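A structural walkthrough
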Amino acid sequence: MRVLKMALAVLTITLLQGSGKTLFAQQKREVFINHADSMRNLKVDGKDIRRLLGNVSIRHEETTITCDSLYDYVGLNKFDAYSNVKVFQETTTLYGDTLNFNGVTKRGKVRGKVVRMVDEETTMVTRFLDFETVNKTVNYYGGAVINTTDSRFSSDRGKYYSNQKRFVAAGNVAYIDPDILLNTDSLEYYTEVELIKFYGSTRIYNEENYLYSERGQHNRDTQESEFHINAFIDNGDQKLYGNSIFYDRNTGVSIIEGNGLVIDTTQRINIYGQHLTYNQKTEFAEVKHEPLAMLVSEQSDTLYLRADRLLGISVKDTVYTDSTLYNQLVGVGDVRFFRHDIQGVCDSMLYHSVDSILYMHKDPILWNSENQLTADNVSIEFRNETIHRMKFTGSSFVTSQEDSIRFNQIKGRDMVGFFTNGKLTRLDVNGNGETVYYGRDKGELVGVNKAESSRLSIGIKDNKVVSIMFRESPVATLFPIDKVELQDVMIKGFAWHTDKRPQSPDDIIPTGLDVNFYLPILSKADRYRAQKRNPAESLDDLAGEKIEEITLDKGLELKKPNLSNDLKRVSIHPH
């Protein structure tokens, strides 16, 4: 916004500088007539008028005015200058067709087909320029274009409050420099503190990003920005949504508050939450307050995952020269997930995107079709987005329900499960293997087989055991179904957790969250994206009405969270 600050400084110097010392103060003035081809005293309607004609030049302190004619209303403390009006002060020149000033009201007007103000670095053109020397305000309407060597600004109307160091512009506001293009409905600029506030449908474009919001502010001094109401950022690979988005350029920390969503189109993951924090420098993200991750699959359906906290971690490989970026998704506390072919719960989990492996820790429970699978630790390997293999470490247990009171069971120290088309087809048990499986004849239960072996392999088809290969020292007993007590065929450690099993995505999605809430925001942002426009190059491209006072809706108090505190919270470097 350097173009605005320079233009406003010029306006202040030219029209409003000083307190009672401006040319237009009209006190006991020392106004010198440098030149006029002729001068004549007139009396019109009983009023004394001094008329200066031809190459008129008058001076007051550092200000000089030239024009073709000037009418000084003697005793009324006002004058009118006409034709080829120029106001010179320091390095600034103001051009217009007419200049009217009333010393009683302390108001002046500059008019012209083009009213132009020029200094060494800035040019401003408008048609209507009003000023008040008491309140120290300058008001333009009918459009204005401000140019510097590397930037341009335009709007239909605007007003500068010198005492407040505050500039307000409204109507087709546009700004461009080598870094950004800004389009908005209205804008406030506090020049002393370098704070810019914008209102209405605002769009910011640059080579990497497109931003849309309907309320916000940017502090050019601290480099902190806020975007509110339908806030949306598109950087190509990622799209960010939120009720509010805060960004600190110095720390690299971004915070999304309320209905936050990050869509990563490369990783095909959507992350929702009511509070999202991202550290651009450490490439670490944290999601709190109703976090939800959706891993979108091209081959099968979406995996819905929820936890008390979700962490996103990017780690660069220091071994290979290409410095491959390893993306990890970590769930901490009450982890739950659902996909049509697999469901699970645990206390913490880690998903490694490069290896496509999901690690589950502390009381993990998995369900695949009719099978319940538990262990101290579980890892799930995906290939082509479907389950390929599972590894179970410590107290491994696989259970399926035979009928309302009977359960098939497999227990071992460690297990490896192999999957075909997402279904368990083989299970290798290593160490302390135990099995209980029920047999049927023509659909009727006839017996139960209980066996033990240090190592064994089990073949499974359609969720039924079709073969068991005992690899070391098997001990097996077949019991007739009517000769066995249930407690005798329950392996130690058996537990059935069907009440914990997620049944659908609704069991994972936080209550009240519409996962498609962003679609209307995206539609609106894209509609406005297509209305991209550069600042006007001439007044013919603008049309604005006069404004006595630009008022902006202050209904939303723009408050930002403590970015430094959030930075401390996310400065975590997991190993």
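Just so we're clear, the structure is a prediction, and the values are computed from it rather than from any experiment. (Residues numbered from 1 in each chain as written. Predicted model: local features only at pLDDT ≥ 70, side-chain atom pairs only at ≥ 80, totals over all residues. Heavy atoms only, no water.)

Side note on the side chain of R339
Quick note on the threshold: Helix and strand labels come from DSSP, where a helix needs a run of H or I of at least four residues and a strand needs a run of E of at least two; each type is numbered from the N terminus. Here a polar contact means two N or O atoms within 3.5 Å. Within protein one must be a hydrogen donor candidate and the other an acceptor candidate, and residues neighboring in sequence count only if both atoms are side-chain atoms.
Tracing the backbone through its elements, the reader meets R339 in strand β24 (residues 325-339). A polar side-chain atom of R339 sits 3.0 Å from the main-chain carbonyl oxygen of E385.

Observations concerning the pattern of salt bridges
So the rule is basically this: The salt bridge criterion pairs a side-chain nitrogen of Lys or Arg with a carboxyl oxygen of Asp or Glu, the two atoms within 4 Å. Three exposure classes are used, based on accessible area relative to the maximum for each residue type with a 1.4 Å probe and protein chains only: buried under 20%, partly exposed in between, and exposed over 50%.
If you walk through the whole model with that rule in mind, you get 23 salt bridges. Its salt-bridge partner being E537, residue R152 comes within 4.0 Å of it at the nearest N-O pair. Residue R152 is found in strand β10 (residues 152-155), and its partner E537 is found in the loop between α2 (518-529) and α3 (563-570); the two are separated by 385 residues along the sequence. For E537, a relative accessible area of 65% corresponds to the exposed category. Residue E381 pairs with R383 through a salt bridge whose shortest N-O separation is 3.3 Å. Residue class for E381 comes out buried when judged on its relative accessible area of 16%.

Some details on unusual backbone geometry
With a phi close to 50°, D334 is a non-glycine residue in the positive phi region. Of note, the phi angle at S369 is positive, near 55°, even though the residue is not glycine. Among the structural elements, S369 can be located in the loop between β27 (365-368) and β28 (371-374).

Looking at the environment of F232
The cut-off we apply is this: Residues count as neighbours in contact if any of their non-hydrogen atoms are within 4.5 Å of one another.
Following the sequence through the fold, F232 ends up in strand β16 (residues 224-234). Remark: the alpha-carbon pair of F232 and I245, spanning 13 residues in sequence, is separated by 8.3 Å. With residues near it in sequence (within four places) discarded, F232 still touches Y210, L211, Y212, K239, L240, Y241, I245, I521, L522, A525 and R529.

Some thoughts on the environment of Y190
Within the secondary structure layout, Y190 lies in strand β13 (residues 181-190). Spatially, the C-alpha atoms of Y190 and V168 are 8.9 Å apart, while their sequence positions differ by 22 residues. Residue contacts for Y190: discarding those within four places in its chain leaves Q164, K165, R166, L195 and K197.

Structural notes on the packing of aromatic side chains
Each pair of aromatic rings is reported with the distance of its centres and the angle of its planes. To be explicit about the condition: Ring pairs shown here join Phe, Tyr and Trp side chains whose ring centres sit within 6.5 Å, with only the six-membered ring taken for Trp; geometry is labelled stacked below 30 degrees between planes, edge-to-face above 60, and tilted in between. Ring-over charges, as used throughout, are those where CZ of Arg or NZ of Lys falls within 6 Å of the ring centre and within 35 degrees of the ring normal.
For the structure on display, the rule yields 16 aromatic pairs. Each ring, one from Y71 and one from Y82, has its centre 5.8 Å from the other, and the planes form 85°; the classification is edge-to-face. Separated by 11 residues along the polypeptide, Y71 in strand β4 (residues 63-73) and Y82 in strand β5 (residues 78-89) bring together distant segments of the chain. Its relative accessible area of 31% is what places Y82 among the partly exposed residues. On the numbers, 5.0 Å between centres and 50° between planes, the contact of F407 with W496 is tilted. Here W496 lies in the loop between β35 (475-480) and α2 and F407 lies in strand β31 (residues 407-420), a separation of 89 residues in the sequence. By relative accessible area, F407 is classed as buried at 8%. Members of the aromatic cluster, connected to one another through ring pairs, are Y205, Y210, F232, Y241, Y272, F517 and Y518. If you follow R116 out to its NZ or CZ, it ends over the ring of Y95, 4.2 Å from the centre. Here the guanidinium or amino end of R166 rests over the ring plane of Y161, the centre of that ring lying 4.8 Å away.

Digging into the pairing of strand β18 (residues 253-264)
Cut-off, in case you're wondering: In short, DSSP must find at least two bridges between two strands for them to pair.
Taken across its 12 residues, β18 has 10 buried, putting it largely inside the fold. As judged from the nine bridges shared by strand β17 (residues 238-248) and β18, these two strands associate in the antiparallel manner. Within the sheet, the bridge partner assigned to K239 lies in β18 and is I263. Connecting β17 to the next strand, β18, in antiparallel fashion are four residues, including G252 with a positive phi near 80°.

Some remarks on the nonpolar core
Inclusion rule: Here, the term nonpolar core denotes a set of buried Ala, Val, Leu, Ile, Met, Phe, Trp, Tyr and Cys residues that are joined through side-chain atoms within 4.5 Å.
With 82 residues, the main nonpolar core has L366 and I380 as its most contacted residues. Beyond its immediate stretch of four places on either side in the chain, I380 contacts I342, S356, I357, L358, M360, L366, I387, R389 and M390. Among the nonpolar cores identified, the runner-up in size contains 23 residues, and Y205, L292, M294 and F517 belong to it.

Things to note about the pairing of strand β2 (residues 38-44)
Taken together, the seven bridges between β2 and strand β3 (residues 47-60) define a ladder with antiparallel strand orientation. Among the inter-strand pairings, S38 is bridged to a residue of β3, identified as L53. The turn joining β2 and β3, which pair antiparallel and follow one another in sequence, is formed by two residues; a positive phi near 50° is taken by D45.

Here we look at a negative patch on the surface
Quick reminder of the rule: In this analysis, a patch consists of residues with relative accessible area above 30% that form no salt bridge, clustered at 9 Å for like charges and at 5 Å for the nonpolar side chains Val, Leu, Ile, Met, Phe, Trp and Tyr. Per-residue and other accessible areas were derived by the Shrake-Rupley procedure at a 1.4 Å probe size, with only the shown protein chains allowed to occlude residues. Here Asp and Glu are counted as negative and Lys and Arg as positive; His is not counted, and neither are the chain ends. Note that the charge is assigned to NZ on lysines, CZ on arginines, CG on aspartates and CD on glutamates.
A cluster of acidic side chains, namely D308, D347, D363 and D376, defines a negative patch on the protein surface. Its location among the elements puts D376 in the loop between β28 and β29 (377-383). The class for D376 is partly exposed, based on a relative accessible area of 40%.

Looking at the environment of P535
Its location among the elements puts P535 in the loop between α2 and α3. Exposure remark for P535: the relative accessible area of 4% places this residue in the buried category. In this structure, the C-alpha to C-alpha distance between P535 and N147, residues 388 residues apart in sequence, is 9.8 Å. Excluding its chain neighbours within four sequence positions, the residues that come into contact with P535 are R152, F153, S154, A174, Y175, I176 and L181.

Here's the deal with α2
As a reminder of what qualifies: How far a helix is expected to stretch is found by multiplying one less than its residue total by 1.5 Å. As used here, the arc is the angular range of directions from the helix axis to the C-beta atoms.
The end-to-end C-alpha distance of α2 is 16 Å, a good match for the 16 Å that 12 residues give at a rise of 1.5 Å each. Among all positions of α2, only Y518, I521, L522, A525 and Y528 are buried. Within α2, the buried residues cover an arc of 130° as seen down the axis, which keeps them to one side. Turning to α2, the residues buried within the fold contact β14 (195-205), β15 (210-219), β16, β17, β18 and β19 (269-279).

Points about the confidence of the model for the chain
Note the cut-off: Every residue is assigned a pLDDT by the predictor, reflecting its confidence on a scale from 0 to 100.
Summarising the model, the chain shows a mean pLDDT of 85, and 87% of its residues fall at 70 or more. Element-level mean pLDDT values for the chain span from 36 in α3 up to 95 in α2. Under a pLDDT of 50 for its full length, residues 18-28 has, in the predicted model, 27 contacts with residues more than four places off or in other chains. This model gives residues 544-575 a pLDDT under 50, and the stretch forms 71 contacts once residues within four places in sequence are excluded.

A few points about the side chain of E402
For E402, the position within the fold is in the loop between β30 (386-401) and β31. There is a polar contact of 2.8 Å between the side chain of E402 and the side chain of N408. Contact partners of E402, with chain neighbours within four places excluded, come to F407, N408, Y438, R440, L445 and K464.

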